[in-house]
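Residue-level structure breakdown
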Amino acid sequence: MAQKQLKVTLVRSTIGTKQSHRDTVRGLGLRRVNSTKVLGDTPEVRGMIRKVDYLVTVSEV
């Protein structure tokens, strides 16, 4: 069975956030508001999303 995929979209600016949160957003591959990335559903990615959940939206693909 193929691995699940998550579609992650940056919906809020990272201006004014902690540096570690900005680094996490960049680690997810998101650069600017409304940028979207499809990532594998792994515990590492889930943890990164949980850390910056107030900046991103997530949906299953």
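Quick summary incoming for the structure in this document. Just so you know, these numbers come straight off a predicted model, no measurement behind them. (Residues numbered from 1 in each chain as written. Predicted model: local features only at pLDDT ≥ 70, side-chain atom pairs only at ≥ 80, totals over all residues. Heavy atoms only, no water.)

The next point concerns the overall build of the protein. Each helix and strand in the protein was counted, giving two helices and three strands. Seen in sequence order, the protein has helices and strands lined up from the N terminus as β-α-β-α-β. Across its three principal directions, the C-alpha atoms of the protein cover 40 × 20 × 15 Å. A buried classification covers 30% of the 61 residues belonging to the protein. By sequence separation, contacts in the protein at least 24 residues apart represent 74% of the contacts at least 6 residues apart. Carbon and sulfur atoms make up 50% of the accessible area of the protein, which amounts to about 4,200 Å² in all. Between the mean site of the 12 positive side-chain charges and the mean site of the 5 negative ones, the protein shows a separation of 8 Å. (Helix = DSSP H or I, 4+ residues; strand = E, 2+ residues; numbered from the N terminus. Buried < 20%, exposed > 50% of the residue type's maximum accessible area, 1.4 Å probe, protein only. Contact = heavy atoms within 4.5 Å. Areas by Shrake-Rupley, 256 points an atom, 1.4 Å probe, with all protein chains shown as cover. Lys, Arg positive; Asp, Glu negative; His and termini not counted. Charge placed at Lys NZ, Arg CZ, Asp CG, Glu CD.)

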